[in-house]
Amino acid sequence: MSVMRFREAVRAAMIEEMERDSRVYLIGEEVGHYQGAYKVSEGMLERFGEKRVIDTPITESGFTGISIGAAMVGLRPIVEYMTWNFSAVAFDQILNNAAKLRQMSGGQLHVPIVFRAPNGSAKQVGSQHSHSMEHFYAHVPGLKVLAPATPADAKGLLKAAIRDDDPVLYMESETLYGVKGEVPEDPDFVLPMGVANVAREGTDVTIVSWSRMVHVSLEAANALEKEGISAEVIDLRSLRPLDEESLVRSVHKTHRAIVAHEGWPYGGVGAEVADRIQRLAFDDLDAPILRVTTRDVPMPYNAKLEQYVIPQAPRIVEAAKKVLYRA
Amino acid sequence: MSTSDATHLALYRQMVLIRRFEEEAARAYSQGKIGGFLHLYIGQEPIAVGAVAALQPDDYVITTYRDHGLALARGMTPRAAMAELFGKVTGCSKGLGGSMHFFDAEHHMLGGYGIVGGHIPIAAGTAFASKYREEKRVSMCFFGEGAVSIGDFHEGLSLAALWKLPIVFVCENNEYAMGTPLSRELSVEDVSTKALGYGMARDRFFADHVLTVRDRLAEAIERARELSEPTLVEIRTYRFRGHSMSDPGKYRTPEELEERKKRDAVLRSRADLEAAGMGADVEAAEKEIEDIVADAVRFAEESPEPGPGVARSDNV
Ligand SMILES: Cc1ncc(C[n+]2csc(CCOP(=O)(O)OP(=O)(O)O)c2C)c(N)n1
């Protein structure tokens, strides 16, 4: 074990997999000479050279398409977007090519590719730069979507993504990059996709979340504890495939669930989680499932309004009390 | 004072306003009074100022996230601009937009946009509307050379040429897209050649002097207004600050920066005006700008923040 920051764990996973497999390369804007817009790929150009750490002009659709093409005939690209917001420019490539090639070709072709970038809100970067894109992509069969919350999960899941034979979208967070945690050093430390983690055990209410919001949920759980409420926090880690079993197991124990995530309330992964729980554990539920989400507006720039719009621990606490009829 | 000297003085004053505004914005940013991304226009002032001088007040302008200069040149009050940076409800976008999203509908400044190239087809759309309504209105769209690789640039230019839209595409080529130098952005050094494949008129020059910018852009504007034909204009320039406040700028040498600062068009105009015997007017203008910018900062500081209602229904 060694203690690493989230960004270092992501880097370690890429370096290990690139050393293990010469077909793996990293491509994106400012990943090489600039050392990464958020310093995730720092030092990688020196280590692997320009052939495998490739700086691109601002051409999201172009370098996504080129990488899907390269993957289709045997390479294993890691595509970095400066943030997930800019993947919108490449959405067609991801939706219509990456996600469809295996199916359209009747299984003759497949696309072993990873798309990764920081996702969700940063700090006051405004409405065009604060999207939670996991909700858009998790909608699509043919894509897998991961959203780790800790450095260890970041490393284990990114390695799994790189080794997977199909497209995997991997969500980071600018506000998580500095978070530290213990990370296994074993080069074959690979976590399974589609398995949630119980980040905190509890008995009274289940809080489901992922990525940065796991930390906010844990903060809420601590606050609830002081009021005598025992909250269980489930870190989904993988949004597609979704670990139904862990959800059902937890709700079987707590009888109440809330989902806390960034991104708007209309549709999305939170709605999906609520649907699965009510469908698979209806008899266990003692209250409707509530969602704590980004409010249903484009992200405001003003700092206080931004905090008002993004879910905070007190809103999770309030929702937990509501499902416990203690509000 | 001759009319042309008076005009030059007025343009100099505008450039100084932008420069001093940006310097104070940088200071407020380092004091934590401004958040998010802050992309300064310092070094590129002659472009927005020269362009606006060549345009009519009801022509449309539209630009990137590096938008303070164009907004101020177009007539947005420094108060509304600074208050937006401070996230105040008195800001041009009520504190919802921030640095990257300055809008001023009254002055036909149709915004600052954060997704590289995304505003280029929109700009063509404003020209489409002018043509549709049979108005003699011109649209001018600004973007960096970094946008020239992206699909929306090509689709926007292709349609503007095909449908003969009254628009001027202005590429502010400051030689870097974040940390990527021009040589690693494009396969050609002359951005204006991109017009050739679309059968579009083109022009290319350095922004060494605000009057040059005004006069050269005037030709493209006339082509748009009289013939309803688009032009791609590449203006070579240089940004004196980092890409944004968080960029340490390690990709270029201090010598290169110093060399380029010698071509500063603001200093150039100042020297010209002094040589024309207008030293006292220059100093008076500078003094006035100091007061205007200080007032804008004070106004921004004292203005109220937007309440939750502003984020909600009425603005979405
Ligand atoms: C589609 C897209 N990709 C990436 C970014 C991140 N980004 C913001 S500005 C920028 C560089 C743009 O350079 P250029 O177009 O030359 O304009 P300049 O900043 O020099 O004015 C990049 C890569 C973005 N905003 N949009």
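From a predicted model like this one, the values you see are computed outputs, not experimental measurements.

Let's shift gears to the overall build of chain A. Summing up its helical and strand segments, chain A has twelve helices and 14 strands in all. C-alpha atoms of chain A, sized along the principal axes, occupy 60 × 45 × 40 Å. A total of 327 residues make up chain A; the buried ones form 61% of that total. Residue pairs at least 24 apart in sequence account for 81% of intrachain contacts in chain A once pairs closer than 6 positions are excluded. For chain A, the exposed area adds up to about 12500 Å²; of that, 53% sits on carbon and sulfur atoms. Where the 36 positive side-chain charges of chain A centre and where its 44 negative ones centre are 2 Å apart.

To continue, consider the site of the ligand. Residues in close proximity to the ligand total 22 residues, the closest being A:E60, B:Y65, B:R66, B:G114 and B:N174. With respect to the ligand, the backbone of B:V116 contributes an N or O atom lying 3.0 Å from a nitrogen atom. Measuring from an oxygen atom of the ligand, one finds a side-chain N or O atom of B:N174 at 2.9 Å. Isolated, the ligand exposes 580 Å² of accessible area, and the fraction of that covered by the protein chains is 96%. Partitioning the shell around the ligand into residue classes produces twelve nonpolar, six polar and four charged.

All names here are of chain B. Pairing in this open sheet of six strands is parallel, and the strands run β2-β1-β3-β4-β8-β7 from one edge to the other. Edge positions in the sheet fall to β2 (109-113) and β7 (201-206), since each has one partner strand and no second. On average, each strand axis in the sheet is tilted by 15° relative to the strand beside it, whichever way the strands run. Alignment of strand β3 (residues 139-144) against strand β4 (residues 167-173), held across six bridges, turns out to be parallel. Opposite S139, over in β4, you have I167 as the bridge partner. Strands in contact with helix α6 (residues 151-162) are β3, β4 and β8 (231-236); relative to β4, the strand with the most contacts, it is inclined by about 150°.

This part covers the pattern of salt bridges. When charged atoms on two side chains of opposite charge get close, those side chains can pair. Counted by the stated rule, this structure contains 56 salt bridges over all chains. Among the ionic pairs, A:E17 bridges to A:R20, the shortest N-O distance being 3.3 Å. Placement of the pair is A:E17 and A:R20 together in helix α1 (residues 6-20), with a separation of three residues, close to one helical turn. Overall, the relative accessible area of 1% leaves A:E17 in the buried class. Between A:R276 and A:E272 there is a salt bridge; the shortest N-O distance is 2.7 Å. Of this pair, A:R276 and A:E272 both sit in helix α10 (residues 268-280), separated by four residues, roughly a single helical turn. Note on A:E272: relative accessible area 32%, which makes it partly exposed. Three or more residues are tied together by salt bridges with common partners; here these are B:E175, B:E189, B:D190, B:R202, B:R204, B:E234, B:R236 and B:R260.

What counts, and where the lines are drawn
- Residues numbered from 1 in each chain as written.
- Chains lettered and ligands numbered in written order.
- Predicted model: local features only at pLDDT ≥ 70, side-chain atom pairs only at ≥ 80, totals over all residues.
- Heavy atoms only, no water.
- Helix = DSSP H or I, 4+ residues; strand = E, 2+ residues; numbered from the N terminus.
- Buried < 20%, exposed > 50% of the residue type's maximum accessible area, 1.4 Å probe, protein only.
- Contact = heavy atoms within 4.5 Å.
- Areas by Shrake-Rupley, 256 points an atom, 1.4 Å probe, with all protein chains shown as cover.
- Lys, Arg positive; Asp, Glu negative; His and termini not counted.
- Charge placed at Lys NZ, Arg CZ, Asp CG, Glu CD.
- Near = heavy atom within 4 Å.
- Polar contact = N/O pair within 3.5 Å; in protein donor to acceptor, adjacent residues only side chain to side chain.
- Nonpolar A, V, L, I, M, F, W, Y, C, P; charged D, E, K, R; others polar.
- Pairing = 2+ DSSP bridges.
- Axes fitted to C-alpha atoms, helices over the stretch in contact; angles between N-to-C directions.
- Salt bridge = Lys/Arg side-chain N within 4 Å of Asp/Glu carboxyl O.

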